[in-house]
Each structure stands twice: as structure tokens, then as C-alpha cells.
Amino acid sequence: MLYSAFAGITVFFAFITFYMGVRLTGRAGWLISWLRGTAALMMMALCVLFVLAAIDLFSYKQVLNNRVLGSVSFKKLEDQHYMATLVFLSDGREQQFDLRGDQWQVDARLITWSDFLTMLGAKPGYRLDRLSGRYYSLEDEHRRPRTVHQLSSSEYGMDIWHLAQQTGNHLPMMDAVYGSATYLPMADGALYEISLSSSGLVAKPLNDVANRAVSRWN
């Protein structure tokens, strides 16, 4: 709900800039008309930016403490080669990914808000970003094929999170950070839970196969 509200506010500003742009195109002398026309075009461009920003904000979900996001399970295809099945709890969606290596990791983009908005009850937002495999030995890491899968992307070229990163987190009232779960071992039949708190992503084993795999690597 929070991120729908932020997106709705952004759409409201888009309508305001559109209305002002239309009003500025009223009749006047040629110089005033030219200035108004230029300002109107700028308002229209700003309106488009607000709309694209709203669309991007809709892709983020509010962080709730210890919220379970989903699960990931593994089927071994061959040595250091697995089929990962990622299930998203929010909508029951299931995706399969080919992963190579000994360990896996999931990453997320996190948006945090200024102290003022936090005092008003604003929670950080998240969007799962990618799922990747990693080899345990450095030799394999450099020599064998790597696999990284993108889990989400920003539509229409507007990426609020990336923009905040590029500007050194100087966008008004928000910061963009990267959250990653600890690398955990892949094993045939292993099942893990992925959850999220305000401090970042957490992954933990859910069955005996995963527990034994974690014990072997520790």
C-alpha cells in the first residue's frame, strides 16, 4: 500500500505539471507565446518523467520485518550444475533457472527513506534483483562458466534505484542500497526459505538435505 501511495503522489504531480503546461499554451504575443510554449514542453517532459517514476515505484514492495518472500529448491543435473526452482510467495509464481557452481545467492534492491518519512511510518521498499551461482574454489570461479539471472527490471528506461546510486544517493528523501543473502550451498533436493527484514535478505535451510549441505560447507 505504501508504494502504491508514493506512486499515486507521483502521478498527481504528473497531472499538475500537465495542467500547467496546457494553461501556458494560451494566446499572447509571439514572445510570450514562445516562452510559454517552451515552458509547456518542459512541463510535458516533466509529466512523462513523473509517470515513468510512478511505474518504476509500483515494482517495489514494502519491507515488513521477517517477511517470507519465497523459497528456492535445487535439482542436480550434473556435477556443479543445478536446476533452481524459485517460488514467489506473494503471487505463487514459479520460475526455474539453470545455475552452475557450488553455492547460490539471491540479491535485492532496497530503497530507504529519510528520517522525516520514516517518522511518518514509511518503510523501506524492496525488489528482488538477481539469482546467481558461485564456485567454492577460486580456480573453478575463474575457469568454469558463471550463471547470473535477472529477476526483475525497470520498464521504459526509468530506474529510480539506479538513478539514486548514480547521484550518490542525493535524490530527495531516499537512498538506494543493495541487499544480498549469504552464499549457501546447492545440493540435490535442498530447499531454502528467503525472507527479508529492514537489515537485508536472509536465507535459511528448510529441510534435512539443506541442513546437511550447510553443515558440510561450514
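Residues numbered from 1 in each chain as written. Predicted model: local features only at pLDDT ≥ 70, side-chain atom pairs only at ≥ 80, totals over all residues. Heavy atoms only, no water.

## Comments concerning the packing of aromatic side chains
Phase 1: Evaluation of the coordinates by the stated rule reveals 4 aromatic pairs.
Phase 2: An angle of 85 degrees between the planes, with centres 6.4 Å apart, marks the rings of Phe74 and Tyr82 as edge-to-face. With respect to class, Phe74 is no different from Tyr82; both count as buried.
Phase 3: Where Phe74 meets Trp104, the ring centres are 5.8 Å apart and the plane angle is 45 degrees; that geometry is what we call tilted. (Phe/Tyr/Trp six-rings, centres within 6.5 Å; stacked < 30°, edge-to-face > 60°. Buried < 20%, exposed > 50% of the residue type's maximum accessible area, 1.4 Å probe, protein only.)

## Here we look at the pattern of salt bridges
Phase 1: Per the counting criterion, the structure on display carries 6 salt bridges.
Phase 2: Notably, a salt bridge pairs Arg109 with Asp129, separated by 3.5 Å at the nearest N-O pair. Of this pair, Arg109 sits in strand β5 (residues 103-113) while Asp129 is found in strand β6 (residues 125-134), placing the two residues 20 residues apart along the sequence. With respect to burial, Arg109 and Asp129 carry one shared label: buried.
Phase 3: Residue Arg143 is joined to Asp140 by a salt bridge in which the shortest nitrogen-to-oxygen separation is 2.9 Å. Of this pair, Arg143 and Asp140 both sit in helix α4 (residues 138-143), 3 residues apart, which is roughly one turn of that helix.
Phase 4: Taking the relative accessible area as the measure of exposure, Asp140 reaches 13% and is therefore buried. (Salt bridge = Lys/Arg side-chain N within 4 Å of Asp/Glu carboxyl O. Helix = DSSP H or I, 4+ residues; strand = E, 2+ residues; numbered from the N terminus.)

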